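Architecture and fold: a report
Chain by chain, the residues run as shown.
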Amino acid sequence: MDISAIERYVPLYVEAAKLTLTLGGAGIVLAVLVGFICAMIRYYKIPIAKQVVGVYIELSRNTPLLIQLFFLYYGLPKLGVKISAETCAVIGLTFLGGSYMAEAFRSGLEAVSKSQIESGLSIGLNEWQLIQHVILPQAFAVAMPGIGANIIFLLKETSIFSAVALADLMFVAKDLIGMYYKTDEALFLLVIAYLIILLPLSILFTWIERRMRYAGFGN
């Protein structure tokens, strides 16, 4: 292991981590928004929109992110639509993540018992108050483990971004291996970089889940 090489490569990984977190963070935020909207549509069984959301979820969950990125980055220009690699990455992560988030939110919404909804209606809550004070607090508590797992999963999926010429962590590692044959050093830094990003998130989501349980939400 060449320690001096590791020291030289650290700044490259720092810059790559910034890009990974920026694009990954944007994609995850949009995925949460898309997933929540889709889950609400399926929960309330809105005609036509429910079927559209069902098709989207099946299409998204059953196609790899790599194929989705290739379609956006290489396929759309053939149709006269050209978007940047960064935009492709965010759209691809949102498209993939939205379906997983939708299922996580849906499981939380469906876990709220009908008796609690009926109790809310019986004390005079309107539809919005029922959603805000009865359904969503419990739904989020139940869905939180799935949401946390999906966020970590999506951040790991950002390693695919290198396929569309984005200088993310995986791109830098492959580049260093190809140019200088520093395989051990490049992979060591890659593992450390992902651990630094993902391990605190894993601990944070575990803490949030426990806090919700202690507060009386969830099972």
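No experiment lies behind these values; they were computed from the predicted model shown. (Residues numbered from 1 in each chain as written. Predicted model: local features only at pLDDT ≥ 70, side-chain atom pairs only at ≥ 80, totals over all residues. Heavy atoms only, no water.)

1. Some remarks on the overall build of the protein
- Looking only at helices and strands, the protein features eight helices and zero strands.
- Shown N-terminal to C-terminal, the secondary structure of the protein runs as helices and strands in the order α-α-α-α-α-α-α-α.
- For the protein, with 219 residues in total, the buried portion stands at 40%.
- Contacts in the protein between residues far apart in sequence, at least 24 positions, make up 78% of those at least 6 positions apart.
- Side chains of the protein give 16 positive and 15 negative charges; the mean places of these two sets differ by 6 Å. (Helix = DSSP H or I, 4+ residues; strand = E, 2+ residues; numbered from the N terminus. Buried < 20%, exposed > 50% of the residue type's maximum accessible area, 1.4 Å probe, protein only. Contact = heavy atoms within 4.5 Å. Lys, Arg positive; Asp, Glu negative; His and termini not counted. Charge placed at Lys NZ, Arg CZ, Asp CG, Glu CD.)

2. Concerning helix H3 (residues 65-75)
- Looking at H3, one finds that the buried residues are Leu65, Gln68, Leu69 and Leu72. When H3 is viewed along its axis, its buried side chains cluster within an angular range of 95° and face the same direction. (Arc of directions from axis to C-beta.)

3. Points about the side chain of Glu185
- If you trace the backbone, Glu185 turns up in helix H8 (residues 183-214).
- For Glu185, a relative accessible area of 8% corresponds to the buried category.

4. Details of the packing of H3 against helix H4 (residues 85-111)
- Relative to each other, H3 and H4 sit at 140°, their axes nearing to 9 Å. Our classification of the angle between H3 and H4 gives oblique. Judged by the sense of rotation from one axis to the other, the crossing of H3 with H4 is right-handed. Residue-level inspection shows Leu65, Gln68, Leu69, Leu72 and Tyr73 of H3 in contact with H4, the latter providing Ala85, Cys88, Ala89, Ile91, Gly92, Leu93, Phe95 and Leu96.
- Tallied by class, the residues present in the contact of H3 with H4 amount to eleven nonpolar, two polar and no charged. (Axes fitted to C-alpha atoms, helices over the stretch in contact; angles between N-to-C directions. Parallel < 35°, antiparallel > 145°, perpendicular 65-115°, else oblique. Left-handed = near helix turned anticlockwise from the far one by under 90°. Nonpolar A, V, L, I, M, F, W, Y, C, P; charged D, E, K, R; others polar.)

5. Here's the deal with the pattern of salt bridges
- What the rule picks out here adds up to four salt bridges.
- Two residues, Arg106 and Glu103, come together in a salt bridge whose shortest N-O distance is 2.8 Å. Remark: Glu103 and Arg106 occur in helix H4; sequence separation between them is three residues, near one turn of the helix.
- A relative accessible area of 23% places Arg106 in the partly exposed class.
- As a salt-bridge pair, Arg106 and Glu110 come within 3.2 Å of each other at their nearest N and O atoms. In this pair, Arg106 and Glu110 both sit in helix H4, four residues apart, roughly one turn of the helix.
- A network of salt bridges, in which partner residues are shared, links Arg42, Glu103, Arg106 and Glu110. (Salt bridge = Lys/Arg side-chain N within 4 Å of Asp/Glu carboxyl O.)

6. Some remarks on the packing of helix H1 (residues 3-43) against H4
- Between H1 and H4, whose axes approach to 5 Å, the crossing angle comes to 40°. The angle between H1 and H4 falls in the class oblique. Once H1 is placed against H4, the crossing between them reads as right-handed.
- Classifying every residue of the contact of H1 with H4 gives 19 nonpolar, six polar and five charged.

7. Topic: a nonpolar patch on the surface
- Residues Met1, Ile3, Phe188, Val191, Ile192, Leu195, Ile196, Leu199 and Ile203 make up a contiguous nonpolar surface patch of roughly 880 Å² in combined accessible area.
- The element best represented in the nonpolar patch is H8, accounting for seven residues. (Patch = residues over 30% accessible without salt bridge, like charges linked within 9 Å, V, L, I, M, F, W, Y side chains within 5 Å. Areas by Shrake-Rupley, 256 points an atom, 1.4 Å probe, with all protein chains shown as cover.)

8. Structural notes on the environment of Gly35
- Inspection of the secondary structure puts Gly35 in helix H1.
- The spacing of Gly35 and Gly146 is 111 residues in sequence and 12 Å in space, taken between C-alpha atoms.
- Residues within four places of Gly35 in sequence aside, it is in contact with Gly98, Met101, Ala102 and Phe105.

9. Section: the confidence of the model for the protein
- For the protein, per-residue confidence averages 88 on the pLDDT scale, and residues scoring 70 or more make up 97% of the total.
- Here helix H5 (residues 114-122) stands out as the least confident element of the protein, with mean pLDDT 81; helix H2 (residues 49-61) is the most confident, with 93. (pLDDT = per-residue confidence, 0-100.)

10. Re H1
- At Tyr9, H1 shows its strongest bend, of approximately 35°, with the proline Pro11 following within four residues.
- Of the residues trailing H1, Lys45 is marked for its positive phi of about 50°. (Bend = angle between axes of the 7 residues up to and from the residue.)

11. Overview of the nonpolar core
- Residues Tyr13, Leu109, Ile135 and Leu169 are the most contacted members of the largest nonpolar core, which totals 54 residues.
- By residue number, the principal contributor to this core is helix H6 (residues 127-157), which donates 13 residues.
- Setting aside its immediate chain neighbours within four residues, Ile135 contacts Tyr43, Tyr44, Leu109, Val112, Ile117 and Leu130.
- Membership of the second largest hydrophobic core comes to six residues, among which are Ile41, Tyr56, Ile57 and Ala102. (Core = buried A, V, L, I, M, F, W, Y, C linked by side-chain atoms within 4.5 Å.)

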